[in-house]
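Breakdown of the fold
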Amino acid sequence: MLKNWHFYRSCISPNSDLAIKMDKLERFIAKMNEKDRNIITMRYFECCEMEIVAQRLSMHRVSAHKRMQRILRKLQFVCENTI
């Protein structure tokens, strides 16, 4: 869903269950610490490869991947426990 975020946003009804989940995810992302928010934004909203994300954030590639996995687990929890 994150990879096609803008497409889904443009196609769904504002009051649908999916729109409500997306709103909650957006709020959750906005509250993340800066580095996590930057990772998720660059990877999924700007479509950067993880190597580019790591380089831009001055992180080791493996660390960036591990951090992304933790972020995705948190986002999955938020998504599964909404509505």
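The structure reproduced in this document is the subject of the present report. On a predicted model such as this, the values are computed, not experimentally measured, just so you know.

What follows concerns the overall build of the protein chain. Counting its secondary structure elements, the protein chain contains five helices and zero strands. Counting from the amino terminus, helix and strand elements in the protein chain follow one another as α-α-α-α-α. A total of 83 residues make up the protein chain; the buried ones form 30% of that total. Within the protein chain, contacts between residues separated by at least 24 positions form 47% of all contacts whose residues are at least 6 apart in sequence.

A separate point is helix H5 (residues 61–80). Relative to the 28 Å expected for 20 residues at 1.5 Å per residue, H5 spans 28 Å between its end C-alpha atoms, a close match to the ideal helical length. Three or more residues of H5 are buried, namely Ala64, Met68, Ile71, Leu75 and Val78. On an axial view of H5, the arc spanned by its buried residues comes to 80°, and they lie on one face. Exposed residues lying more than 90 degrees from the buried face of H5 are Lys66, Arg73, Phe77 and Glu80. Looking at the buried residues of H5, the elements they touch are helix H2 (17–31), helix H3 (34–45) and helix H4 (50–56).

It is worth spelling out H3 at this point. For H3, spanning twelve residues, the distance from its first C-alpha to its last is 15 Å, which sits close to the expected 16 Å at 1.5 Å a residue. Along H3, the residues that are buried comprise Asp36, Ile39, Ile40, Met42, Arg43 and Tyr44. Lining the buried residues of H3 we find H2, H4 and H5. The N-cap residue of H3 is Asn33: its side-chain oxygen and the backbone nitrogen of Lys35 are 3.2 Å apart. Phi for Cys47, located one or two positions after H3, is positive at around 60°.

Another point: the nonpolar core. In this structure, Ile39, Ile40, Val53 and Leu75 are the most contacted members of the largest nonpolar core, which totals 18 residues. Within the residue set of this core, elements represented by two or more residues are H2, H3, H4 and H5. Top element by residues in this core is H5. It accounts for five residues. The contact partners of Ile39, leaving out residues within four places of it in the chain, are Val53, Leu57, Met59, Arg67, Met68 and Ile71.

With that settled, consider the pattern of salt bridges. Scanning the entire structure with this criterion turns up two salt bridges. The salt bridge involving Asp36 is made with Arg67; its shortest N-O contact spans 2.5 Å. Placement of the pair is Asp36 in helix H3 and Arg67 in helix H5, with a sequence separation of 31 residues. Look at Asp36 and you get buried, because its relative accessible area is 8%. Arg67 gets classed as partly exposed once you look at its relative accessible area, which sits at 21%. A salt bridge links Glu46 to Arg56; the shortest N-O distance between them is 3.6 Å. With a gap of ten residues between them, Glu46 in the loop between H3 and H4 and Arg56 in helix H4 connect regions that are remote in the sequence. Owing to a relative accessible area of 46%, Glu46 belongs among the partly exposed residues under this scheme.

Thresholds applied
- Residues numbered from 1 in each chain as written.
- Predicted model: local features only at pLDDT ≥ 70, side-chain atom pairs only at ≥ 80, totals over all residues.
- Heavy atoms only, no water.
- Helix = DSSP H or I, 4+ residues; strand = E, 2+ residues; numbered from the N terminus.
- Buried < 20%, exposed > 50% of the residue type's maximum accessible area, 1.4 Å probe, protein only.
- Contact = heavy atoms within 4.5 Å.
- Expected span 1.5 Å × (residues − 1).
- Arc of directions from axis to C-beta.
- Polar contact = N/O pair within 3.5 Å; in protein donor to acceptor, adjacent residues only side chain to side chain.
- Core = buried A, V, L, I, M, F, W, Y, C linked by side-chain atoms within 4.5 Å.
- Salt bridge = Lys/Arg side-chain N within 4 Å of Asp/Glu carboxyl O.

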